[in-house]
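Overview (structure and organization)
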Amino acid sequence: MLEDFDHDGFLDVMVSAWGFTAKDQLRVFRNNGDGTFTDRTAAAGLKGLVSGLNLIQGDYNNDGFADVLVLRGAWLRSEGHYPFSLLRNNGDFTFTDVTAEAGLGHFMPTQVGVWFDYNNDGWLDIFIGNETTNRDVNPCELFRNNGDGTFTEVAAESGLDIVGFVKGAVAGDYNNDGRPDLFLSTRGGPKLLLRNDGPAGADPGPRAPWKFTEVGEAAGINGPYQSFPCMFWDYDNDGWLDIMVTGYSIQDAGDVAADYMGRPTSAQKSKLYHNNGDGTFTDVSKAAGVNKVILAMGANFGDLDNDGWLDVYFGTGDPDFTTLVPNRMFRNDGGKRFQEVTTAGGFGQLQKGHAIAFGDLNNDGTQEIFSKVGGAVETDNYPSQLFEGPGFGNHWIKLQLEGTKTNRVALGARLKVVTEEGGQERAIHRVVGTGASFGANPLRQEIGLGQATGVKRIEVFWPVSGTTQVLTGFNLDRTYRIREGDAGAVELALKNFVYPSAPPPGVRSHPH
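Residues numbered from 1 in each chain as written. Predicted model: local features only at pLDDT ≥ 70, side-chain atom pairs only at ≥ 80, totals over all residues. Heavy atoms only, no water.

**Some points on the overall build of the protein**
A tally of regular secondary structure across the protein gives four helices and 35 strands. Since a compact globule built from 512 residues should have a radius of gyration of about 24 Å, the 21 Å found for the protein is in line with a globular shape. Counting only C-alpha atoms and orienting by the principal axes, one finds that the protein spans roughly 60 × 60 × 50 Å. Across the 512 residues of the protein, 57% fall into the buried class. (Helix = DSSP H or I, 4+ residues; strand = E, 2+ residues; numbered from the N terminus. Rg over C-alpha atoms; globule rule 2.2 N^0.38 Å. Buried < 20%, exposed > 50% of the residue type's maximum accessible area, 1.4 Å probe, protein only.)

Right under this line is the structure:
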């Protein structure tokens, strides 16, 4: 996870581990702003907090500081009934475990969670996708934020008490009606697109039951049957969220090799679904060049070259040692197809990729990529990796959004950045969030602008108020804070640094 936990302008790093011993300590590293990081785990109050198969940030108490959800127990079947944790960010680089007092003390196997304001009351709620295997039945959960530091579980009344082996979940407003929907990736089952239909009865209040309807098959979502990470993203910049979900079933590494060589294989391939803007999707996987055997666990998207088109990086593998297969990077070629740049960019290392995050850690305008790797068994370990963005001479803008009626960190707000390039207007669309289902990008939006000669305007749709804020007066290669309802944006001065050419004493270097 990459996030600026203390609001000093620099992105920090939080990582977790698979096991439940002292060696599997949750750790947080503070960005020193000079190319080094300091392990602040003990000082942050996290000592003794172990395990965690996924980390996702939100802001449950609307204080503007990113709180963290730590998810546990996945893959362990009936032995995986561990609690997940909610860590409150105190704003001074310390965290407090508030799981019990928030009413979140549930014990089901999961590594899937989503922050979203499903009822548009300005408070972020939590969806948890649990794993059901054989007779160990664990329905999914929906925790409604009561606005007082506590949550109430309401999955059944909303139609979200789904039973399945859920391995990925993301929230996004795919039909642009102002209400966030859900997409679930399951292993050995259909892919579920859950449309948010709003209040179930006449009462429109936030405590009233809300209804979700499963429309995946009707919308044209039909696979892959065995899948893992997924994402809502607008890969073609048309203002409608598309869906990608990766296959997760191979016999061994030979299936990946066969696919590379164009030979037939029965392994599950990835799917890219284009949003048609009418509630349906079209499978464009082959035309876009992503109909491939990837075997992804970690996944996320960002903009490698600041051209304004979202690229995607996959961390691959499973616990079996026969699945040492390359992590894969795909560059978005103008929203029409994807070019694999795994070898060209030096991204194809073979270790197990559990989480991916894109973020500009040195504030030079280009995004780095953090990759958390390592297998489930003790001997299958490897250092995490930070890939420095080389820069391509394209412009950028960073936007820190602050909600007033909408949740404070503006999760779910829609952005439209209109630039001038080559004498014509160009629109670049983004949604405030942390990206795909495994690995967490920062909530501050980092947007490539290509060869723009200027920013004509920025439009922000705030889902709670239902208003679109139109602002002007932006310069290229700058960072701004946009507050819901304000007449103008405020420029933020972020310091930058150059990474050291050699690691500090005692730190091992693993170039890729």
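**Digging into the packing of aromatic side chains**
Inspection of the entire model under this criterion finds 27 aromatic pairs. Ring centres 6.1 Å apart and planes at 90° place the aromatic pair Tyr118 and Trp210 in the edge-to-face group. Of this pair, Tyr118 sits in the loop between strand E9 (110-116) and strand E10 (125-130) while Trp210 sits in strand E16 (residues 210-214); the two residues are 92 residues apart in sequence, bridging distant segments of the chain. By way of ring pairs, the aromatic residues Trp75, Phe165, Phe228, Tyr248 and Phe438 are connected into one cluster. Note that Lys167 overlies the ring of Trp75, its terminal NZ or CZ placed 3.7 Å from the centroid. (Phe/Tyr/Trp six-rings, centres within 6.5 Å; stacked < 30°, edge-to-face > 60°. Lys NZ or Arg CZ within 6 Å of the ring centre and 35° of its normal.)

**Some details on the sheet that holds strand E30 (residues 424-431)**
Pairing is antiparallel in the open sheet, where four strands are placed in the order E30-E29-E32-E33. A single partner strand is all that each edge strand has here, and the edge strands are E30 and strand E33 (467-471). Strand-to-strand, the axes of this sheet are offset by a mean angle of 20°, without reference to chain direction. Relative to E33, strand E32 (residues 454-462) runs antiparallel, the two sharing five bridges. By the bridge assignment for E33, Phe461 is matched with Thr468. (Pairing = 2+ DSSP bridges. Axes fitted to C-alpha atoms, helices over the stretch in contact; angles between N-to-C directions.)

**With respect to the sheet that holds strand E21 (residues 296-302)**
Ordered by their spatial adjacency, four strands build an open sheet running E21-E22-E23-E24, and the pairing between neighbours is antiparallel. The outermost strands of the open sheet, each flanked by one partner alone, are E21 and strand E24 (337-340). Pairs of neighbouring strands in the sheet enclose a mean axial angle of 25°, with direction left out of account. With six bridges joining them, E21 and strand E22 (residues 311-316) adopt antiparallel strand pairing. From the neighbouring strand, Phe301 faces E22, where its bridge partner is Val312.

**Observations concerning empty space enclosed by the protein**
The rolling of a water-molecule-sized probe over the atoms marks out the regions of remaining empty space. Applying the stated rule across the entire model yields one cavity of 30 Å³ or more. In this model, the largest cavity occupies a volume close to 40 Å³. Of all the elements in the fold, those that place two or more residues in the lining of the largest cavity are strand E28 (395-402) and strand E31 (445-450). A breakdown of the residues in the lining of the largest cavity according to their chemical character gives three nonpolar, four polar and two charged. (1 Å grid on protein atoms, 1.4 Å probe; cavity = no way out; pocket = protein on both sides within 12 Å on 5 of 7 lines; lining within 4 Å. Points joined across faces, edges and corners; volume = space filled by probe spheres on them. Nonpolar A, V, L, I, M, F, W, Y, C, P; charged D, E, K, R; others polar.)

**Considerations on the pattern of salt bridges**
Under the definition given, this model contains 23 salt bridges. Among the ionic pairs, Asp8 bridges to Arg30, the shortest N-O distance being 3.2 Å. With a gap of 22 residues between them, Asp8 in the loop between strand E1 (2-3) and strand E2 (12-15) and Arg30 in strand E3 (residues 27-31) connect regions that are remote in the sequence. Between Lys167 and Glu131 there is a salt bridge, and its shortest N-O distance comes to 2.5 Å. (Salt bridge = Lys/Arg side-chain N within 4 Å of Asp/Glu carboxyl O.)

**Quick look at the nonpolar core**
As a rule of thumb, nonpolar side chains are buried together in soluble globular proteins. Formed by 29 residues in total, the largest nonpolar core has its most connected members in Phe116, Phe127, Leu142, Leu160, Leu182 and Leu194. For this core, the secondary-structure elements that each account for two or more residues are E9, strand E13 (166-172), strand E14 (181-186), strand E15 (192-199) and E16. At three residues, the largest contribution of residues to this core is made by E9. Setting aside residues no more than four positions away along its own chain, Phe127 makes contact with Val112, Gly113, Val114, Phe116, Cys140, Glu141, Leu142, Leu160, Ala169, Leu182 and Leu184. Membership of the second largest hydrophobic core comes to 21 residues, among which are Ala413, Ile428, Val432 and Val460. (Core = buried A, V, L, I, M, F, W, Y, C linked by side-chain atoms within 4.5 Å. Contact = heavy atoms within 4.5 Å.)

**Notes on unusual backbone geometry**
Most peptide bonds are trans, and most residues other than glycine sit at a negative phi. Cis geometry is adopted by the peptide bond preceding Pro224, which originates at Gly223 and carries an omega value of 0°. Relative to the helices and strands, Pro224 resides in the loop between helix H2 (216-219) and strand E17 (227-233). Located in the positive-phi region is Phe93, a residue other than glycine, with phi close to 65°. Tracing the sequence through the fold places Phe93 in the loop between strand E7 (85-89) and strand E8 (95-97).

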